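# Understanding the architecture of this molecule
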Amino acid sequence: MSRSSQRIIAAGIGVIFLIAGMMKVLDPAAFAVDILNYRILPWTGAVALALYLPWVEIFCGAALVLHRGYRGALCIAAGLFAMFIGAYGSTRPRGLDVACGCFGHGAHRGYWPLLIGDGLLLAATLWLLKAEFRPLSPVIRAGREERAG
Amino acid sequence: MSLAIRQCLTILLLAVIPAIGTGVWHPKRPSWQSDEVTVAVARSWGASALWVDARADADFENGHIPGALPLNEERWDDLLPGVVDAWDPGRKIVVYCSSLSCQTSRDVARRLREEVSLPNVFVLQGGWEAWEAAQK
Amino acid sequence: MARADLRWAATTVYAAAEPSDGVATAEAVFTNTGSYPIKVTATHTSCGCTAAVTDGRAVAPGQTGKIEITFKTLGRRGLYEEPILIETDDPKAKESAITLRVLIRNPVELLPTLLFWQAGEALTPKVIRVTVGDGFVLKNIDATCADPGVDLKLEPVRAGAVYKLTVTPKTENVKATITVTPEIEGRATKALTAHVRVI
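Note that the structure is predicted; figures quoted are calculated from it, not measured. (Residues numbered from 1 in each chain as written. Chains lettered and ligands numbered in written order. Predicted model: local features only at pLDDT ≥ 70, side-chain atom pairs only at ≥ 80, totals over all residues.)

### Considerations on the overall build of chain B
Counting its secondary structure elements, chain B contains 7 helices and 5 strands. Listing the helices and strands of chain B from first to last along the sequence gives α-α-β-α-β-α-β-α-β-α-β-α. A total of 136 residues make up chain B; the buried ones form 40% of that total. Counted over contacts in chain B with a minimum sequence separation of 6, partners at least 24 positions apart contribute 62%. (Helix = DSSP H or I, 4+ residues; strand = E, 2+ residues; numbered from the N terminus. Buried ≥ 20, exposed ≤ 12 C-beta atoms within 10 Å, placed from the backbone. Contact = placed C-beta atoms within 7 Å.)

Set out below in structure tokens:
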């Protein structure tokens, strides 16, 4: 797939993160309760994550859209998708029924559609990462790193 | 690889600054305290505390915190409007049940937060027993 | 040395029900892995909503026994976690604890059940999300409010599964109740209520 197609896909993922982050920033208290409902973190952990995570998403999303700090943003995006799939995926086996909190308090999509959707996004992110770390000629790599820095 | 790590760290560190700002200034910032409050703290809130008694009707009739409203799960639909009418955004809701070990106040508090989406919902540490002990 | 020992098949047991079911039931099964009989002498629960009953018979080595657990569901909603303490007649295995986790859900859920506008806040529309539980077939759904000062608009997000009820108050000082009436195939119609307050 061409570089421009990769950029479009990355920008699409970036927009998702931007929207998700901005919606959570609107009501961090509600987001903290959503995190608490996963019953993984204690209250103080949920509060810390509720304050911090939306901004990570916003900066990561902006980096992907603007193609700045690209590789780092891809790594973070992959990590966030994996973390979320793990956390949300564990809710049904634990008998929990949580509002996802992905796009702000109260958002609720079906269990499997959400997991599959995020699985596809994770796969796309990993594929983009693999394309980034593909061996290149030293000249091309140096030029790309300089532009991305 | 080192470039990716540097970029990761940059993004993660950049996010700290607005996160701190959110925690300090956002009008809907969450409280760092856990949702439990002691009798002393809840009483210090004065009229802004809205006391909610999560015990069964018979226990409420036998004695309750002055001004408390009953809201138990057996009669949730009947009793909820009374709590909603007494509430306004400036009040802190303090839910209690009989004692330290009872779970009912936590369940009622959870539902007030999740279903009714009320902010500032707390659970009284030690419940009715702690209130009575504090009166002595 | 002769001993009794009690091994639980699971120390957390699960149940799911609707509020209208009245009770949710679960079973906690144990095996006597010791060398003499063991009897459950008492059970203790943390609230009157949970009951744990044993048949009181002694369980021979190698045999299984069970505790029947019931949880009152009326009026309840959400995930509940109830600890249950089991006492036996064996001094070496005197007490053990199991946990009941119960999920109580209505076929149709409203979230949130209160919409409010503060004094001075613009009377912009707010939304109540109406969700139909998995496995329930929605035939029809309606939302009404007796107060003419409240506009309602119910529209499908995913027909049969998720609906958006947009509520717009037209004036201040509103204290109204919205009634959402879902018709679920094979079930008696049960209206759900939400509250609107313009303070």
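### Digging into the interface of chain B and chain A
Listed as interface residues are 23 residues of chain B and, on the opposing side, 24 residues of chain A. Every element with two or more residues in the side of chain B that touches chain A is listed here: α1 (2-14) and α2 (16-25) of chain B. Among the elements that line the side of chain B that touches chain A, the one with the most residues is α1 of chain B, at 9 residues. Of the residues assigned to the side of chain B that touches chain A, the class counts are 12 nonpolar, 6 polar and 5 charged. (Nonpolar A, V, L, I, M, F, W, Y, C, P; charged D, E, K, R; others polar.)

### A few points about the nonpolar core
Across soluble globular proteins, nonpolar side chains show a tendency to be buried alongside one another. In this structure, Val52, Ile93, Val94, Val95 and Tyr96 of chain B are the most contacted members of the largest nonpolar core, which totals 52 residues. Apart from residues no more than four positions distant in its own chain, isoleucine 93 of chain B is found in contact with Leu50, Val52, Trp87, Leu112, Leu118, Asn120, Val121 and Phe122 of chain B. Ranked by size, the runner-up nonpolar core spans 39 residues in total, among them Phe17, Val33, Val56 and Leu80 of chain A. (Core = buried A, V, L, I, M, F, W, Y, C linked by C-beta atoms within 7 Å.)

### Some details on the confidence of the model for chain B
Keep in mind that low pLDDT regions are not for reading the predicted coordinates in detail. All names here are of chain B. For chain B, per-residue confidence averages 89 on the pLDDT scale, and residues scoring 70 or more make up 96% of the total. Within chain B, strand β3 (residues 69-70) carries the highest mean pLDDT (98), whereas strand β1 (residues 36-37) carries the lowest (78). Reported for the predicted complex are a pTM of 0.58 and an ipTM of 0.79. (pLDDT = per-residue confidence, 0-100.)

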